[in-house]
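Analysis of the macromolecular model
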Protein chains: 2
Amino acid sequence: MRKATFEERSATLCNSLALRQAARHVSQIYERHLAAEGLRASQYSILSTLGRCGPQPIGALAQRMVMDRTTLGRALKPLERDGLLEIGPGPDGRTRSLHLTATGETKLAAAAGRWQEAQAEFEAAFGTQEAADLRATLRRVIAVTGEGRAGQGA
Amino acid sequence: MRKATFEERSATLCNSLALRQAARHVSQIYERHLAAEGLRASQYSILSTLGRCGPQPIGALAQRMVMDRTTLGRALKPLERDGLLEIGPGPDGRTRSLHLTATGETKLAAAAGRWQEAQAEFEAAFGTQEAADLRATLRRVIAVTGEGRAGQGA
DNA sequence: GCAAGACAAGTGCATATGCACCTTTTCCGG
DNA sequence: CCGGAAAAGGTGCATATGCACTTGTCTTGC
């Protein structure tokens, strides 16, 4: 076995820490651009997914967004408060149906431009192809970690 | 230009969202293992870095851990409360010196085993070499996003 | 020795994150 | 029809995250 390089000795060995650090940093770029529309990055992702996939219950959206049901449930509050989406009754007495309001659609359209700015800023620094490769890798990360404990969904 | 594949159309295009999703999922593995020692993943990373790099002020540790100074500052509270580290006065009247207590050292040693379990679980599913490659990629992500707005540090 | 600016840290606010536990509704077997 | 399991959400708690602003301390030029 060869000797460890300086990089290997000094750098983060923890996959979890490395991911969280990178996520924090990259998110800040998106937060900065989206702030112009008064949206957080996570809020944009919720509106965007809801706009793309149409009205659906909370659990379904949470699964689609690969996030915890309760986290999403609470994240909806500010969006509902600001009139961007509504939480109506679902076909079932248990379920609730999420849908964008007209205001939400407008905000989403405006924010999409900001998102593209952020996306462009990151990819200009990191590389467009490299970013696509990274996303593919991250999809695989989610796939392999999801199997072991699919829990609520799948 | 060729047509988009199904994967490309349905998958997350947002680098920020992809990173946060993956970070959440992977962190859960580490949280699950470290819970046996009563530590959160982020707490382990703090103790670990502090143990490896020795006593230092808050700002320095925050920079080293690629996290916000105020986030770290608050994260220290529970660790201090549980007697794992102490926040004493630094050489300077402004700075405060962080250092592990004996209890903290012991806890860190015990938690290290749990961390290895988590690391092994993830790498068994994702691949050891692939994980190393991913960490290298993430280091580059942090490097390129850090330049534009070094702000507090560098 | 002092005032201006730099520097380290703390605080208020708002949101993000997820586990354990609880309530309400269905659904299904008998 | 009833009783229990399953499904969908909600809540309490604890921590994570970071911006703007404040406070206290040092450094430096004069």
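Residues numbered from 1 in each chain as written. Chains lettered and ligands numbered in written order. Predicted model: local features only at pLDDT ≥ 70, side-chain atom pairs only at ≥ 80, totals over all residues. Heavy atoms only, no water.

Some remarks on the protein's contact with DNA strand C
What counts, and what does not: Nearness here has a simple test: a residue counts as near a molecule or strand if at least one of its heavy atoms is within 4 Å of that partner. Polar contact is the term for a pair of N or O atoms within 3.5 Å; when the atoms are in protein, one must be able to donate a hydrogen and the other to accept it, and sequence-neighboring residues count only if both atoms are side-chain atoms. Labels follow the DSSP assignment, with helices taken as runs of H or I lasting at least four residues and strands as runs of E lasting at least two, numbered in each case from the N terminus. Ten residues, namely Ala, Val, Leu, Ile, Met, Phe, Trp, Tyr, Cys and Pro, are considered nonpolar, four, namely Asp, Glu, Lys and Arg, are considered charged, and the remaining ones, Gly among them, are considered polar.
As a matter of local geometry, DNA strand C sits amid 26 residues, with A:Ser42, A:Gly93, B:Gly59, B:Arg74 and B:Arg96 nearest to it. Between B:Ile58 and DNA strand C, the recorded distance is 3.2 Å, taken from a backbone N or O atom to a phosphate oxygen. Note that a base oxygen of DNA strand C is positioned 2.8 Å from one of the side-chain N or O atoms of B:Arg69. Listed by contribution, the elements that provide at least two residues to the surface near DNA strand C are α3 (41-53) and α5 (69-81) of chain A together with α2 (15-34), α4 (58-64) and α5 (69-81) of chain B. Here the surface near DNA strand C is built from residues that sort into 5 nonpolar, 9 polar and 12 charged.

Section: the packing of aromatic side chains
Residues and elements named next belong to chain A. Threshold: Aromatic contacts are taken between Phe, Tyr and Trp rings whose centres are within 6.5 Å, Trp giving its six-membered ring; a plane angle under 30 degrees counts as stacked, one over 60 as edge-to-face, and the others as tilted. When a residue's accessible area, from a 1.4 Å probe over protein chains only, is under 20% of the maximum for its type it is buried; when over 50% it is exposed; and in between it is partly exposed.
Applying the stated criterion to the full structure yields 4 aromatic pairs over all chains. Between Tyr-44 and Trp-115 the ring centres are 6.3 Å apart and the planes differ by 20 degrees, which places this aromatic pair in the stacked class. Of the two residues, Tyr-44 sits in helix α3 while Trp-115 sits in helix α6 (residues 102-126), which places them 71 residues apart along the sequence. The same class applies to Tyr-44 and to Trp-115, which are both buried. Here the aromatic rings of Phe-122 and Phe-126 are separated by 5.2 Å at their centres, their planes lie at 20 degrees, and the arrangement is stacked. Here Phe-126 and Phe-122 lie together in helix α6, a separation of 4 residues that amounts to about one turn. Judged by relative accessible area, which is 3%, Phe-126 ranks as buried.

Here we look at the interface of chain A and chain B
Applied cut-off: By the convention used here, residues are in contact when the closest approach between their heavy atoms is within 4.5 Å. Accessible area, probed at 1.4 Å, shrinks when two parts are joined; the buried area is that loss added up over both. Put simply, a salt bridge is a Lys or Arg side-chain nitrogen that is within 4 Å of an Asp or Glu carboxyl oxygen.
Taken together, the contact pairs 50 residues of chain A with 50 residues of chain B. Across the chain A to chain B interface the summed buried area is about 4,600 Å²; carbon plus sulfur atoms make up 63%. Taken together, the connections running from chain A to chain B amount to 0 salt bridges. Examining the composition of the side of chain A that touches chain B, we find that 17 residues originate from one element, helix α2 (residues 15-34) of chain A, more than from any other.

Some details on the packing of α3(A) against α5(A)
Residues and elements named next belong to chain A. Note the cut-off: Angles here are taken between N-to-C directions and fall from 0 to 180 degrees, while the axes themselves are lines fitted to C-alpha atoms, restricted in helices to the stretch in contact. For this classification, under 35 degrees means roughly parallel, over 145 means roughly antiparallel, 65 to 115 means roughly perpendicular, and everything else is oblique.
One way to put it is that α3 packs onto α5 with a least axis distance of 11 Å and a crossing angle of 90 degrees. When the axes of α3 and α5 are compared, the pair comes out roughly perpendicular. In this structure, α3 uses Gln-43, Ile-46 and Leu-47 to contact α5, whose residues at the interface are Leu-72, Ala-75, Leu-76, Pro-78 and Leu-79. In terms of residue class, the contact of α3 with α5 is built from 7 nonpolar, 1 polar and no charged.

Let's talk about the side chain of A:Asn15
Secondary-structure assignment places A:Asn15 in helix α2. Using a relative accessible area of 2% as the deciding quantity, one classes A:Asn15 as buried. Polar side-chain contacts of A:Asn15 include one of 3.3 Å to the side chain of B:Tyr30. At 2.8 Å, the side chain of A:Asn15 forms a polar contact with the side chain of B:Arg135. Excluding its chain neighbours within four sequence positions, the residues that come into contact with A:Asn15 are B:Val26, B:Tyr30, B:Gln119, B:Phe122, B:Glu123, B:Ala131 and B:Arg135.

What about the sheet that holds strand β3 (residues 96-100) of chain A?
Residue and element names in this part refer to chain A. Inclusion rule: Should DSSP find at least two bridges between two strands, the strands are taken to pair.
Taking strand neighbours across the sheet as the criterion, the 3 strands line up as β1-β3-β2 in an open arrangement whose pairing is antiparallel. In the strand order of this sheet, the two ends are held by β1 (56-57) and β2 (85-89), each with one partner. The pairing of β1 with β3 spans 2 bridges and is classified as antiparallel. Bridging from a neighbouring strand, Gln-56 pairs with Leu-98 of β3. Helix-sheet contacts for α3 involve β1, β2 and β3, and the interaxial angle to β3 is about 100 degrees.

Here we look at the protein's contact with DNA strand D
Inspection of the region around DNA strand D gives 26 residues, with A:Gly59, A:Arg74, A:Arg96, B:Ser42 and B:Gly93 positioned closest. In DNA strand D, the atoms that sit within 4 Å of the protein are 65% sugar and phosphate, with bases accounting for the remainder. Here A:Arg94 contributes a side-chain N or O atom positioned 3.3 Å from a sugar or linking oxygen of DNA strand D. B:Asp92 places a side-chain nitrogen or oxygen 3.4 Å from a phosphate oxygen of DNA strand D. For the surface near DNA strand D, the secondary-structure elements that each account for two or more residues are α2, α4 (58-64) and α5 of chain A together with α3 (41-53) and α5 of chain B. Ranked by residues supplied to the surface near DNA strand D, first place goes to α5(B) with 6 residues. Taken together, the residues of the surface near DNA strand D break down into 5 nonpolar, 9 polar and 12 charged.

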